[in-house]
Amino acid sequence: MENEKLVELAKKISNNRDEKAFSEVFDFLAPKINAYYLRNNMSFAQSEELTQEVLSTIWTKANLFNPERSKFITWSFTIARNKKIDLQRKNKNRKAEDEDIRQFLYQSNKTSDYEIQSSIDKIKQELDENQKKLIKMSFFEQKTHKKIAEELEIPLGTVKSRIRSTLTKMQKFLS
Amino acid sequence: MNISTHKNELIFGYSSGSLREAKSLFVSMYLYLNSVAAKKASIFDNILAENLIHIDEVAPKKLNYKDCINDDIGEKFSSSTKNNHNPLSNLVGDFKNINWKSVYKGFKEFNIPVNDSDDLKLIKMDPGTSVPLHSHNGKEYILVLDGSFHDEYGEFKKGDLQINDQKIKHHPTASKKEGCICLSITESDVVFFGKFGSALNLFTFIKSFFK
């Protein structure tokens, strides 16, 4: 689904509490968010529970989504990621009444995504398929270097040096 | 590895959600104060989010969209998401009311309680206060929240981040005009290995109670 369409649905959710619009967002996002958590080594039950929380947050907070500042998918990703951070924290014997770390995390995106789109495009052009795969495995799926080495059947040292050189390449387009 | 690589790795770690509590809060504050860093985080967020578009989908088995239209579930988070919100102010309140602990003349600290082996604290240096030449065992991250300081490596102002490791010796001095308030992280104590490792670790463990 294109960003434009998602932005339109988000507006309907926020302005009209439109359940039909929400069901479309759900059908598009829930299988992706669920897959993201599963790839981050969660059990199916846990993954579904967090997916429910992410979609519930989208339902209640659609008014906070600002299309000028970010794409809908990026906004949704940051919600999913922050829930993952919070879960990791709860797993460490946190008490239920302990405060939710998400309220202390950086939320607002002051820079517009369109402003930075050219950097993103350049990075995507510069990185080859293998490098994109490494970024995905290491930062999106949070696989350890050891696990990546096993899956790609390359030595651990190679994984480390390739990730390092990919990040170095990306840095050129970050400033 | 140079300093800008360290900084970027911190930002990438934040975007991917791999940082623990102390560093998550620290980077949140860094992004809040530093627009260049926020821009980098945004670029990386976008790149990571694109993976979501192309992911091999796995539909939830039990979940239905109606299960998510539950204002009660969202409710408990709703008060917390304010845009443009200073990430630290909820945690420690107004800087004016902080119960600083004096370390030595002109130098005060406040430990921020986090569930992490990394120490997160606020440091307040009165105008012109110097810290004697020192280096660090683990890595130290310093973010200027207010005022400024300078050392052998230059001047650090609000929103600037300094990362120090074992190789770095420095002698920071707070600005004479306004002093300096910083947020700092010192990484956890070294864990010792080898023949006497367990005795040394026990010593570090006991020592941690007297911090």
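Residues numbered from 1 in each chain as written. Chains lettered and ligands numbered in written order. Predicted model: local features only at pLDDT ≥ 70, side-chain atom pairs only at ≥ 80, totals over all residues.

Trainee: Provide a residue-level description of the pairing of strand S4 (residues 140-151) of chain B, including the pertinent values.
Mentor: Residues and elements named next belong to chain B. By the bridge criterion, four bridges tie S4 to strand S6 (residues 161-164) in an arrangement that is antiparallel. Residue pairing across strands places Glu-140 opposite Asn-164, the latter belonging to S6. Where S4 meets strand S5 (residues 154-157), four bridges bridge the pair, whose relative direction is antiparallel. When the sheet's bridge partners are listed, His-150 is paired in S5 with Glu-155. (Pairing = 2+ DSSP bridges. Helix = DSSP H or I, 4+ residues; strand = E, 2+ residues; numbered from the N terminus.)

Trainee: Before we move on, could you go through the domain arrangement of chain A and cite the residues and values that matter?
Mentor: All names here are of chain A. Split into domains, chain A comes out as domain 1 (1-110) and domain 2 (112-175). Counting from both sides, the interface comprises seven residues of domain 1 and, opposite them, four residues of domain 2. Among the residues forming the side of domain 1 that touches domain 2, the class breakdown is no nonpolar, three polar and four charged. (Domains from an automatic or database assignment. Contact = placed C-beta atoms within 7 Å. Nonpolar A, V, L, I, M, F, W, Y, C, P; charged D, E, K, R; others polar.)

Trainee: Give a description of the confidence of the model for chain B that names residues and reports values.
Mentor: Residue and element names in this part refer to chain B. Of the residues in chain B, 81% have a pLDDT of 70 or more, and the chain-wide mean is 81. Within chain B, no element has a lower average pLDDT than helix H5 (residues 71-78), which sits at 50, and none a higher one than S5, at 95. Between residues 73-83, whose pLDDT stays under 50, and residues either more than four places distant or in other chains, the model counts 22 contacts. ipTM for the predicted complex: 0.86, alongside a pTM of 0.82. (pLDDT = per-residue confidence, 0-100.)

Trainee: Please provide a residue-by-residue account of the packing of helix H6 (residues 129-140) of chain A against helix H8 (residues 156-171) of chain A, values included.
Mentor: Residues and elements named next belong to chain A. Closest axis-to-axis distance for the H6/H8 pair is 10 Å, and the angle between their directions is 105 degrees. In terms of orientation, H6 lies roughly perpendicular with respect to H8. Contacts from Gln-131, Leu-134, Ile-135 and Ser-138 in H6 reach Arg-162, Ile-163 and Thr-166 in H8. Counted by class, the contact of H6 with H8 contains three nonpolar, three polar and one charged residues. (Axes fitted to C-alpha atoms, helices over the stretch in contact; angles between N-to-C directions. Parallel < 35°, antiparallel > 145°, perpendicular 65-115°, else oblique.)

Trainee: Let's hear about the domain arrangement of chain B: which residues, and what values?
Mentor: Residues and elements named next belong to chain B. You can read the domains of chain B as domain 1 (3-89) and domain 2 (92-186). The interface of domain 1 with domain 2 comprises 15 residues on the first partner and 15 residues on the second. Within the residue set of the side of domain 1 that touches domain 2, elements represented by two or more residues are helix H1 (3-16) and helix H2 (21-33). Per-element tally for the side of domain 1 that touches domain 2: the top contributor is H2, with eight residues. The residue makeup of the side of domain 1 that touches domain 2, split by class, is eight nonpolar, three polar and four charged.

Trainee: Outline the packing of helix H7 (residues 145-152) of chain A against H8 of chain A, listing residues and values.
Mentor: Residues and elements named next belong to chain A. The interhelical angle for the contact between H7 and H8, taken along N-to-C directions, is 110 degrees, at an axis separation of 8 Å. One finds that H7 runs roughly perpendicular with respect to H8. Considering the relative orientation of H7 and H8, their crossing is right-handed. Residues His-145, Lys-146, Ile-148 and Ala-149 of H7 pack against Leu-156, Val-159 and Lys-160 of H8. Here the residues of the contact of H7 with H8 sort into four nonpolar, one polar and two charged. (Left-handed = near helix turned anticlockwise from the far one by under 90°.)

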